[in-house]
Amino acid sequence: MLGGDLMHMRCVAHILNLIVSDGLKEIDPYISRIRAACKFARSSPSRLATFKRCAYEATITSEASICLDVSTR
């Protein structure tokens, strides 16, 4: 009986993965624009400094910097 439950859980995980993948396909153009903007800002020290200054002026208090994501995560 335990083997049947394990197979059922894998099926649920697969269905959830398909749903998330479809959702990500819907917003892919926006994600691509955000990735391009991050690459643009990080490609030059002066651009990155300008970005940080704008974030400071907008009172964004995050300590995190711009980072590029890993598409498989």
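The following refers to the structure shown.

Reading guide: rules and limits
Residues numbered from 1 in each chain as written. Predicted model: local features only at pLDDT ≥ 70, side-chain atom pairs only at ≥ 80, totals over all residues. Heavy atoms only, no water. Helix = DSSP H or I, 4+ residues; strand = E, 2+ residues; numbered from the N terminus. Buried < 20%, exposed > 50% of the residue type's maximum accessible area, 1.4 Å probe, protein only. Areas by Shrake-Rupley, 256 points an atom, 1.4 Å probe, with all protein chains shown as cover. Phe/Tyr/Trp six-rings, centres within 6.5 Å; stacked < 30°, edge-to-face > 60°. Lys NZ or Arg CZ within 6 Å of the ring centre and 35° of its normal. Salt bridge = Lys/Arg side-chain N within 4 Å of Asp/Glu carboxyl O.

**Some points on the overall build of the protein chain**
Helix and strand counts for the protein chain come out as two helices and zero strands. Within the protein chain, the proportion of its 73 residues that are buried is 7%. Total accessible area on the protein chain stands at roughly 6700 Å², and carbon and sulfur atoms take up 64% of it.

**Thoughts on unusual backbone geometry**
Of all residues except glycine, most have a negative phi; of all peptide bonds, most are trans. Despite not being glycine, T59 has its phi angle at roughly 55°, a positive value. Within the secondary structure, T59 sits in the segment after helix 2 (45-57). By relative accessible area, which is 64% here, T59 ends up exposed.

**Looking at the packing of aromatic side chains**
The final tally for this structure, using the stated rule, is zero aromatic pairs. Lying across the ring of F40, R47 places its NZ or CZ 3.8 Å from the centre.

**Section: the pattern of salt bridges**
Following the criterion strictly, the structure yields one salt bridge and no others. One salt bridge connects R53 with E57, and the closest N-O pair in it is separated by 3.7 Å. Taken together, the positions of R53 and E57, both in helix 2 and four residues apart, correspond to about one turn of that helix. Classification of R53 by relative accessible area gives partly exposed; the value is 44%. Its relative accessible area of 54% is what places E57 among the exposed residues.

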